[in-house]
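# Structural description and commentary
These are the residues of each chain, in order.
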Amino acid sequence: MAKTGTTTQGLREAIERSGYYPALVAEAVESAVGGEPVSSYVVHQETTFDSNEVRRHVTVLVLTDTRFIVSHTDEQPADGTSPSPYATTSTESVKLERISSVVLSRVVANPESYTPGTLPREVVLTIGWGAVSRLDMEPANCGDPNCEADHGYTGSLTADDLSLRVSEAGDGPDTVRQALTFAQALSEATAATSGTR
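### Observations concerning the overall build of the chain
- Counting secondary structure elements, the chain contains 4 helices and 10 strands.
- The helix and strand sequence of the chain, counted from the amino end, reads β-α-α-β-β-β-β-β-β-β-β-β-α-α.
- Counting every position in the chain, which comprises 197 residues, the buried fraction comes to 34%.
- Pairs at least 24 residues apart make up 61% of the contacts formed inside the chain by residues separated by at least 6 positions.

See the structure below:
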């Protein structure tokens, strides 16, 4: 379930509505936001099935005038380090000028009859700021099918710090709209800061 809005109070309400350890998640997010006003946010809860266990995870994305904040909270079963189940919460605060890419992938049904404003059935928001990159390598070639020379390797480096996937089927149409709204707000904010570098 994802929610988006423009106020700190709305952010807290969205966290509470997610029902996923709201006191823990809200405290972590509010501590990271500090006194800054919230421009936009998304709260996305995801449930996964791991063998015989059901695990929940919540991601909170917050945009302020100067920062992008991402918070993840995961629940863990009892293990060798803890006799009882526990949750792990982490937050990262990134200055807007550090964001190098905002990629929004849209999946639409029946593209031949697409009309502007039609809601995609799925959205993937990928945000890069240089903390994590993915390198895809493959052998290089010269194009000659008979050539046996070693031409080294070629590859591509992709910023891949965060990917958030929401779908109409799994999360509902409001969630897809909200992810689109947040992506637009983040894109506009990073475009505005790129002119001041």
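### Regarding the packing of aromatic side chains
- On inspection of all chains with the given rule, the structure shows 3 aromatic pairs.
- Taken together through their ring pairs, the aromatic side chains of Phe68, Trp129 and Phe182 make up a single cluster.

### Comments concerning the layout of surface pockets
- Of the voids in this model, the largest pocket is the one considered here, and its volume is about 190 Å³.
- Contributing to the lining of the largest pocket are His44, Gln45, Glu46, His57, Thr59, His72, Leu162, Ser163, Leu164, Arg165, Gly170 and Asp171.
- Looking at the lining of the largest pocket, the elements that each hand over two or more residues are strand 2 (38–50), strand 3 (53–64), strand 10 (162–167) and helix 3 (168–171).
- In terms of residues, the lining of the largest pocket owes the most to one element, strand 10, which gives 4 residues.
- Broken down by class, the residue content of the lining of the largest pocket amounts to 2 nonpolar, 7 polar and 3 charged.

### Side note on a nonpolar patch on the surface
- Residues Leu135, Met137 and Tyr153 make up a contiguous nonpolar surface patch of roughly 370 Å² in combined accessible area.
- Tracing the backbone through its elements, the reader meets Leu135 in strand 8 (residues 133–139).

### Structural notes on the packing of helix 1 (residues 8–18) against helix 2 (residues 22–33)
- Running from amino to carboxyl end, helix 1 crosses helix 2 at an angle of 150 degrees, the nearest separation of the two axes being 9 Å. One element, helix 1, and the other, helix 2, form an angle in the roughly antiparallel class. The chirality of how helix 1 crosses helix 2 is right-handed. Residue-level inspection shows Leu11, Arg12, Ile15 and Glu16 of helix 1 in contact with helix 2, the latter providing Pro22, Val25, Ala26, Val29 and Glu30.

### Digging into the nonpolar core
- Grouped together as the largest cluster of nonpolar side chains are 17 residues, with contacts concentrated most on Leu61, Phe68, Ile99, Ile127, Trp129, Phe182 and Leu186.
- Listed by contribution, the elements that provide at least two residues to this core are strand 3, strand 4 (67–76), strand 7 (122–128), strand 10 and helix 4 (173–194).
- The leading source of residues in this core is helix 4, at 4 residues.
- With 16 residues, the next largest nonpolar core counts Leu11, Ala14, Val25 and Val62 among its residues.

### Thoughts on the environment of Ala78
- Relative to the elements of secondary structure, Ala78 occurs in the loop between strand 4 and strand 5 (86–95).
- The exposure class of Ala78 is partly exposed, given its relative accessible area of 41%.
- The residues touching Ala78, leaving out its near neighbours within four places in the chain, are Pro83, Ser84 and Pro85.

What counts and what doesn't
Residues numbered from 1 in each chain as written. Predicted model: local features only at pLDDT ≥ 70, side-chain atom pairs only at ≥ 80, totals over all residues. Heavy atoms only, no water. Helix = DSSP H or I, 4+ residues; strand = E, 2+ residues; numbered from the N terminus. Buried < 20%, exposed > 50% of the residue type's maximum accessible area, 1.4 Å probe, protein only. Contact = heavy atoms within 4.5 Å. Phe/Tyr/Trp six-rings, centres within 6.5 Å; stacked < 30°, edge-to-face > 60°. 1 Å grid on protein atoms, 1.4 Å probe; cavity = no way out; pocket = protein on both sides within 12 Å on 5 of 7 lines; lining within 4 Å. Points joined across faces, edges and corners; volume = space filled by probe spheres on them. Nonpolar A, V, L, I, M, F, W, Y, C, P; charged D, E, K, R; others polar. Patch = residues over 30% accessible without salt bridge, like charges linked within 9 Å, V, L, I, M, F, W, Y side chains within 5 Å. Areas by Shrake-Rupley, 256 points an atom, 1.4 Å probe, with all protein chains shown as cover. Salt bridge = Lys/Arg side-chain N within 4 Å of Asp/Glu carboxyl O. Axes fitted to C-alpha atoms, helices over the stretch in contact; angles between N-to-C directions. Parallel < 35°, antiparallel > 145°, perpendicular 65-115°, else oblique. Left-handed = near helix turned anticlockwise from the far one by under 90°. Core = buried A, V, L, I, M, F, W, Y, C linked by side-chain atoms within 4.5 Å.

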